Amino acid sequence: MKTNGNLLDRQGFRNALASVLAILIGMLVGLIILLISNPAKALPGFWAIATGGVANRKNMGQVLYYATPIVMTGLSVGFAKKTGLFNIGASGQYIMGAFAAVLVGVKCTFLPAGLQCLAAILAAALTGALWGCVPGLLKAYCNINEVIACIMMNYIGMSTANLLVRKFIFDRAKNQSLQPAASAVLPKLGFDKLFVDGGAPSSANAGFLVAVVLGVAVWVILEKTRLGFELKACGYNRDAAKYAGISDKKNILLAMVFAGGLAGIGGALYYLSGAGSGIPVLDVLAAEGFNGIPVALLGMSNPIAIIFTGTFMAYLTQGGLSMQTFGFPTQIVDIISSVIIYFAAFALFFSQTIEKFRHRQVEKRRAAAQTEKGGEAQ
Amino acid sequence: MSEYIIEMCNITKEFPGIIANDDITLQLKRGEIHALLGENGAGKSTLMSVLFGLYQPEKGVIRKNGEEVRIKDPNDANALGIGMVHQHFKLVHNFTVLQNIVLGMETTQNGFLKMDEAQKKVMALSEQYGLRVDPDALIEDITVGMQQRVEILKMLYRDNEILIFDEPTAVLTPQEIEELMKIMKDLAAEGKSILFITHKLNEIKEVADRCTVLRKGKYIGTISVSGVTKEEMSEMMVGRKVELKVDKGPAHPTDVVFETEGLTVVNKEHGKKVVNNVSLKVRRGEIVCVAGIDGNGQTELVQAITGLMKPDSGSVKLKGEDVTRASIRYKNTHGLGHIPEDRHKHGLVLDYPLAYNLVLQSYFEPAYCSGGFLRYDKIFQYGDKLIEKYDIRSGQGGRTIARSMSGGNQQKAIVAREIDRDPDLLIAVQPTRGLDVGAIEYIHHQLVAERDNGKGILLVSLELDEVMNLADRILVIYEGEIVAELDPRAVTVQELGLYMAGSKRKAVG
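About the thresholds
Residues numbered from 1 in each chain as written. Chains lettered and ligands numbered in written order. Predicted model: local features only at pLDDT ≥ 70, side-chain atom pairs only at ≥ 80, totals over all residues. Helix = DSSP H or I, 4+ residues; strand = E, 2+ residues; numbered from the N terminus. Rg over C-alpha atoms; globule rule 2.2 N^0.38 Å. Buried ≥ 20, exposed ≤ 12 C-beta atoms within 10 Å, placed from the backbone. Contact = placed C-beta atoms within 7 Å. Nonpolar A, V, L, I, M, F, W, Y, C, P; charged D, E, K, R; others polar. Axes fitted to C-alpha atoms, helices over the stretch in contact; angles between N-to-C directions. Parallel < 35°, antiparallel > 145°, perpendicular 65-115°, else oblique. Left-handed = near helix turned anticlockwise from the far one by under 90°. Core = buried A, V, L, I, M, F, W, Y, C linked by C-beta atoms within 7 Å. Pairing = 2+ DSSP bridges. Domains from an automatic or database assignment. pLDDT = per-residue confidence, 0-100.

K.L.:
If you had to explain the overall build of chain B to someone new, which residues and values would you point to?
P.N.:
On a plain count of helices and strands, chain B comes out with 17 helices and 24 strands. Whereas a compact globule of 509 residues would reach a radius of gyration of roughly 23 Å, chain B reaches 25 Å, a difference of no more than 12%. Its C-alpha atoms give chain B principal-axis dimensions of roughly 75 × 50 × 50 Å. Looking at the 509 residues of chain B, the share that counts as buried comes to 45%. Partitioning the contacts of chain B with sequence separation of at least 6, the portion at a separation of at least 24 is 69%.

K.L.:
A description of the interface of chain A and chain B should follow, citing residues and the corresponding values.
P.N.:
Counting residues at the interface gives 15 residues for chain A, matched by 23 residues for chain B. Secondary-structure elements contributing two or more residues to the side of chain A that touches chain B are helix 9 (226-236) and helix 10 (238-243) of chain A. At five residues, helix 9 of chain A tops the list of elements feeding residues into the side of chain A that touches chain B. Here the side of chain A that touches chain B is built from residues that sort into seven nonpolar, three polar and five charged.

K.L.:
Give me the packing of helix 2 (residues 39-51) of chain A against helix 13 (residues 303-324) of chain A: which residues, what numbers.
P.N.:
Residues and elements named next belong to chain A. Direction vectors running N to C along helix 2 and helix 13 enclose 150 degrees, while the axes themselves pass 6 Å from each other. Judged by the angle between their axes, helix 2 and helix 13 are roughly antiparallel. Between helix 2 and helix 13 lies a crossing whose hand is right-handed. Contact residues: helix 2 offers Gly45, Ala48, Ile49 and Ala50, while helix 13 offers Leu316, Gly319, Gly320, Ser322 and Met323.

K.L.:
Describe the nonpolar core, naming the residues involved and giving the relevant values.
P.N.:
Of all hydrophobic cores here, the largest spans 253 residues; its most connected members are Ala98 and Ala101 of chain A together with Leu51, Cys289, Leu459 and Val476 of chain B. Take this core: its biggest share by element is 15 residues, from helix 11 (residues 248-271) of chain A. Apart from the residues within four sequence positions on either side, Leu459 of chain B is in contact with Ile287, Val288, Cys289, Ala428, Leu447, Leu470 and Ala471 of chain B.

K.L.:
Can you break down the sheet that holds strand 24 (residues 481-486) of chain B residue by residue, with the values?
P.N.:
Residue and element names in this part refer to chain B. Reading across from one edge, 18-21-22-15-23-24 is the order of the six strands in this open sheet, with mixed pairing throughout. Here the strands that pair on one side only, and so sit at the sheet edges, are strand 18 (336-339) and strand 24. Within this sheet the neighbouring strands show an average axis-to-axis angle of 20 degrees, counted without direction. Pairing of strand 21 (residues 425-429) with strand 22 (residues 456-461), which is carried by five bridges, proceeds in the parallel orientation. Its bridge partner being in strand 22, Leu426 is matched across the sheet by Ile457.

K.L.:
Give a detailed account of the domain arrangement of chain B, specifying residues and quantitative values.
P.N.:
Residues and elements named next belong to chain B. When its domains are assigned, chain B resolves into domain 1 (4-238), domain 2 (243-335 + 423-509) and domain 3 (351-421). Of note, the centres of domain 2 and domain 3, computed from C-alpha atoms alone, are 26 Å apart. Opposite the eleven residues of domain 2 that make contact, domain 3 presents nine residues. Tallying contributions element by element places helix 15 (residues 437-452) first for the side of domain 2 that touches domain 3, with four residues. Its residues placed into classes, the side of domain 2 that touches domain 3 shows six nonpolar, three polar and two charged.

K.L.:
I'd like a description of the packing of helix 3 (residues 57-82) of chain A against helix 11 of chain A, backed by residues and values.
P.N.:
Residue and element names in this part refer to chain A. Running from N to C, helix 3 and helix 11 cross one another at 175 degrees; their axes reach a closest spacing of 8 Å. Classified by the angle their axes make, helix 3 and helix 11 are roughly antiparallel. For the pair helix 3 and helix 11, contact is made by Thr68, Pro69, Met72, Thr73, Leu75, Ser76, Phe79 and Ala80 and by Ala255, Met256, Phe258, Ala259, Leu262, Ala263, Ile265, Gly266, Gly267, Leu269 and Tyr270, respectively. Residues that form the contact of helix 3 with helix 11 fall into these classes: 14 nonpolar, five polar and no charged.

K.L.:
How would you summarise the confidence of the model for chain B if you had to cite specific residues and measurements?
P.N.:
Of all residues in chain B, 98% have pLDDT values of 70 or greater, and the mean over the chain is 89. With a pTM of 0.76, the predicted complex shows an ipTM of 0.81.

K.L.:
Could you give me a rundown of the sheet that holds strand 14 (residues 273-283) of chain B, with the residues and numbers involved?
P.N.:
Residue and element names in this part refer to chain B. Taken in spatial order, the four strands make up an open sheet running 14-13-16-17, and their pairing is antiparallel. Looking at strand neighbours, the two that pair on one side only are strand 14 and strand 17 (321-322), the edges of this open sheet. In the sheet, strand 13 (residues 256-266) pairs with strand 14 via seven bridges, with the strands oriented antiparallel. Bridged to Phe258 within strand 14 is Val282.

This is the structure:
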């Protein structure tokens, strides 16, 4: 088929347009729910969640700050998905990574400033990788379903982190971990000057850039390297990979190790932000790990797309915070963001609809051109 | 009333990058068996899917009894009396035969199922058309042939008068095929009109009245079957003269390139020896064929040789080197080529582009990979070369996703890949299963050419024609054991059949 240079004929554009459409429809449904729950404040509340992320420069910075960990867990889930594995264990990997990072951040003050931060991130990556490695080993060598192993590793991770935080880096007053030393905190890179509102800086920092760089790196690994070729081959067809001499066991293990490492780094980037938050000692699984699942699914496991979908989810989080100022209960805020994400999942459906629409358009035009030609001939 | 019960006029159906049906006309007479002949990818299945309402054509009209109809989905087709037996049956495996037949048409009373009447009707139909089934058996417990009879009964139960059979014989044994042919004739005699999709000329000759031929999505013509020979039909189908018999000179075997010694595989579940003490030799320049009825240990034998399965005892030697415990990668890079039995399971990563599949065992070599990064330009270049050299047809060249290619071209891609890797021993397991005449001829020629090139070929086949045509030596496998070594020039098909059935054996020298 001839392209005619029409934008609608380009797959990438179609996908993007479909995502936007899907989100708009989600917002519309969200608005309806708001109108039902509190008609008087529905419009300003809706406006808050829709534009909260860009209401001022501080909010923009906050979006990047919230995006960082879920982009990382999204990358983690997406990477495993490419190898045909469902890494539902990002939560445990994330929290263990966070603990390792904060531990190095608090204790290893003997390291030079830049190096300590790097060491903390590295420690997080290794600990996360270790947590991912266990389900990986079980899957590869004992064929134990990774979902079960991952879920169990989540609980083990949560309890272990609680235990270790309390033992080594506990801030009794706040019931959370101590703050990492200033020398271990991620550099601000001027983000505190850029994303600021009335003197109040946002928590944005270099972490988001690290996440973006890692997203690009993951893309390169998957699309350009031998390793990516093998990983994806295993994911698509394990038998054929084996037939071709690719070690499926090795690749399953590697995929889980990488995925765990990415989630672990997510934990480091969040708790090394210097924003004042510590690892809470609560019997609750870290939500960032689970948020990585919709992020990865919305981005169809494409690492570059995951950077955007992660940012989008963070945007909704920030918008939700803005909405709370209108007195909406947090539950309503959560429902609205969930509805929007829910509809965003229809993006694929919309993409196909656009394609069909475009196809019909081309057909009609061709038919019209033909009758015209016929008329001339007569 | 029109002479034709169904007419499909000037049907055009496009898919991205390919016109599957280009202005095709098909007219089905009342009470006839009408064959639809064409190679894989000729557009037969697409055309039938249009008739069955699974696809909407871009152009063309469908008429029933002379009146134009619109078929938007299979329910419309059903309402018009059109039924279809798909190539892959659409049955619920843990339901009984009867439940499957009435599924979607259940008679109920006050919301409760009334199976008695349904059972009576099914039994009556079964009697009338000689379709023996056990209505209470579970689908998963009955043979493929019987499953097919259930599919036919499903159509009859719905009072369909136009019956479409999509490659119905592909999954059947010779005896079952014979039975199906008889059933089809009976159905036609009872006034049903049958559309029979196939690429097997023998079957068309046997049952069909008329035959419509498609080639590469285009309508070639409709012929009366009694007036043409098989050769003429295959020429219409392929577009050139086809050799139905393989043209090959005598073998000139030289040194032994491959041997197994007492190879044994024990099944983990029932502890039986599925491969029992198999010792065989393949020399350069000969085609050794392992013949046998499906399920006599061929799959396990090949997997034990290639490394997909570990043998329990015995050894495998390639070019004199013991490779029993070597990795698959090692064997692949040291002279072993393998055209696998199941091209979807083992042969291809279906979601990868064609070019990736063509380097599936060589992507790591310096030609395609440097410093851990793949050289995609080189991979696609090589892909284009093979596509050209081996005439692999695909919508978008090397970028075509393998899944979207026709079965014949998928197989051609595997054959191209394995031959082009220049192995010393090529193991070909049912290399022509489910392929059409043109592709079979092509693959047979390639195998013979490789033999003449000084390669050893180990062919595993269930098709007697193929065995007799290609083999220089035949090894008959029965219950995991090699029971005879035969010379294809000195043995008849009937005799070979007796060895394969285990009723005859002969010391292997």
